[in-house]
Amino acid sequence: MSFTVSAAEPLQSPVGVGIIGLSARGGWAARAHVPALEALKGKFELRALSASSAESARAAGQKYGIPLAFGSAEELVRRDEVDLVVVTVKVPHHRRLVEAALHAGKHVLCEWPLANGLAQAEELAGLAARAGVRGFVGLQARAGSALRYTRDLVAEGYVGEVLSTSMIASGGAWGPTFSSGSEYLLDRDNGATMLTIPFGHTIDALSTVLGEFTEITATTAVRRPRVTNAETGESTTMTTADQVAVTGVLETGAVASVHYRGGSSRGTNFHWEINGTDGDLIVTAPSGHLQLAPVTLHGARGNDARLTALAVPDTYEWVPSIAGRSDEPGYALTHAYADLHDDLTEGTRTAPDFGHAVRRHRLLDSIERAATTGERIRLAP
């Protein structure tokens, strides 16, 4: 199979973007990617989109003022105006669409998870390397200002030596009810599960702040095998786990525990503690989807008697037009795009790439194996 190989030269601003899966009816691309690119005008230019049909594409092009609108992704990836292809469709379609972009010699940003399982992710990473283009994955939780500040506080010794960390979170979806159009989330074979989506995004943030896991044990369960369509009242089968509990050891020796529950809690929907020899940090949010939820940070150290709120310094706000607007769904994504822009135009390697995505897929694969076998699994560095 032949590739059109990119010279991999740094791009010039603005980077031309084409979004696969942008709809006039809304959705994640409209709520997050379009505002993020708008906030970085001058660095990026949204030039093209594709949708499920030519009619849908025309409607989206008119709504968002995008000049090139196509009824197929294959048309979009062939356009010279497009430097970066952004894949924002459902997980089962990622592999085919990323492949199409790579074959056209385009740089790619694919929503997380990169693919339906580890084998597909490894295949796509290999294709990107052979094509000589940059492949990026949308693990943007790590790019949010509060998470970057938390990472730096830990690195600077705010809590002393990290002894342990514990996290409890809710998946939002995968509860007793589901909405029409989201049925695909219920089938584990589609690869869009609580483990891969909110857990995957957030475990990446945890690893960014505290380091990688070196060994794990895990328990998963489907506690609600039948769930109800909230609009129609009809029930259907759910095969994806709505309980994911992982314990393990990080590369620093710190002990970690993470428990995700399907649905929402009347109590705590995201609480993360980092406990050290000289202090504690507490990260909270209204949702277990750390990639889009606004984050609040508290801390105490030394002789402090109680926790106090820790304000994120202004220096962590890279994009002035969205400063202080962490409650917007595209907030962390905007910062991730800023990293990605530097990688494409300056040759840096900061944004999570396909190789990094493979590492995350490998962790999730190990969690599933640990849950199935009951074994304690050691992870390669």
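Above: the structure in question.
Residues numbered from 1 in each chain as written. Predicted model: local features only at pLDDT ≥ 70, side-chain atom pairs only at ≥ 80, totals over all residues. Heavy atoms only, no water.

Topic: the environment of Ala-146
Point 1. Relative to the elements of secondary structure, Ala-146 occurs in helix α6 (residues 145-155).
Point 2. Placed 186 residues apart in sequence, Ala-146 and Ala-332 show a C-alpha to C-alpha distance of 9.5 Å.
Point 3. Among all residues touching Ala-146, those that are not within four sequence positions of it are Val-295 and Val-312. (Helix = DSSP H or I, 4+ residues; strand = E, 2+ residues; numbered from the N terminus. Contact = heavy atoms within 4.5 Å.)

A short note on the sheet that holds strand β8 (residues 177-178)
Point 1. Judged by pairing direction, the sheet is mixed, and its 3 strands sit side by side in the order β8-β10-β11 without closing on themselves. The outermost strands of the open sheet, each flanked by one partner alone, are β8 and β11 (235-237).
Point 2. In this structure, strand β10 (residues 226-229) lies alongside β11, joined through 3 bridges in antiparallel fashion. Looking at the pairing, Arg-226 lines up with Thr-237 of β11. (Pairing = 2+ DSSP bridges.)

A few points about the pairing of strand β14 (residues 270-276)
Point 1. Across the 7 residues of β14, 5 count as buried, placing the element largely inside the fold.
Point 2. Bridging between strand β7 (residues 162-170) and β14 involves 7 bridges; their strand directions are antiparallel. Bridge pairing links Ser-164 to Asn-275 in β14.
Point 3. Strand direction decides the pairing type here: β14 and strand β15 (residues 279-284), joined by 5 bridges, are antiparallel. Bridge pairing in β15 places Glu-273 opposite Ile-282. (Buried < 20%, exposed > 50% of the residue type's maximum accessible area, 1.4 Å probe, protein only.)

What to know about helix α5 (residues 118-131)
Three- or four-residue spacings in an α-helix give side chains the same orientation, since the helix completes a turn every 3.6 residues.
Point 1. In a regular helix each residue adds 1.5 Å, so 14 residues correspond to 20 Å; α5 covers 20 Å between its end C-alpha atoms and thus fits that length.
Point 2. Of all the positions in α5, only Leu-118, Gln-120, Ala-121, Leu-124, Ala-125, Leu-127, Ala-128 and Ala-131 are classed as buried.
Point 3. Looking at the buried residues of α5, the elements they touch are α4 (94-103) and α9 (354-373).
Point 4. Just beyond α5, the residue with positive phi is Gly-132, at close to 75°. (Expected span 1.5 Å × (residues − 1).)

Comments concerning the packing of aromatic side chains
Point 1. Inspection of every chain in the model, using the stated rule, returns 3 aromatic pairs.
Point 2. Each ring, one from Phe-44 and one from Tyr-337, has its centre 5.3 Å from the other, and the planes form 70°; the classification is edge-to-face. One end of the pair, Phe-44, is in strand β2 (residues 44-50); the other, Tyr-337, is in helix α8 (residues 331-346), with 293 residues separating them in the sequence.
Point 3. Geometry around Trp-318 places Arg-148 over its ring, the cationic atom sitting 3.7 Å from the centre. (Phe/Tyr/Trp six-rings, centres within 6.5 Å; stacked < 30°, edge-to-face > 60°. Lys NZ or Arg CZ within 6 Å of the ring centre and 35° of its normal.)

Focus: the sheet that holds strand β4 (residues 84-87)
Point 1. Within the open sheet, the 6 strands sit side by side as β3-β2-β1-β4-β5-β6. Their pairing is parallel. The outermost strands of the open sheet, each flanked by one partner alone, are β3 (68-70) and β6 (135-138). Across this sheet, the average inter-strand angle for adjacent strands is 25°, counted without regard to direction.
Point 2. In terms of strand pairing, β4 meets strand β5 (residues 107-111) through 4 bridges, oriented parallel. When the bridges of β5 are listed, Val-87 appears paired with Cys-110.
Point 3. Sheet contacts for α4: β1 (15-20), β4 and β5; angle to β5, the most-contacted strand, approximately 170°. (Axes fitted to C-alpha atoms, helices over the stretch in contact; angles between N-to-C directions.)

Quick word on the environment of Arg-134
Point 1. The topology assignment puts Arg-134 in the loop between α5 and β6.
Point 2. On the basis of relative accessibility, which here comes to 14%, the residue Arg-134 falls in the buried class.
Point 3. Sequence separation between Arg-134 and Arg-349 is 215 residues; the distance between their C-alpha atoms is 9.8 Å.
Point 4. Setting aside residues no more than four positions away along its own chain, Arg-134 makes contact with His-107, Val-108, Asp-343, Leu-344, Thr-348 and Arg-349.
Point 5. Within the structure, Arg-134 has its side chain in polar contact with the backbone oxygen of Asp-343 (distance 3.3 Å).
Point 6. In this structure the side chain of Arg-134 is engaged in a polar contact, spanning 3.0 Å, whose partner is the backbone oxygen of Thr-348. (Polar contact = N/O pair within 3.5 Å; in protein donor to acceptor, adjacent residues only side chain to side chain.)

A few points about the nonpolar core
Point 1. Grouped together as the largest cluster of nonpolar side chains are 87 residues, with contacts concentrated most on Phe-199 and Trp-272.
Point 2. Broken down by element, this core gets its largest block of residues, 8 residues, from helix α7 (residues 195-210).
Point 3. Excluding residues within four positions of it along the chain, Phe-199 makes contact with Met-194, Val-244, Val-246, Val-258, Tyr-260, Leu-364 and Ile-367.
Point 4. Judged by nonpolar contacts, the second largest core, of 33 residues, contains Ile-19, Ala-30, Leu-46 and Phe-136. (Core = buried A, V, L, I, M, F, W, Y, C linked by side-chain atoms within 4.5 Å.)

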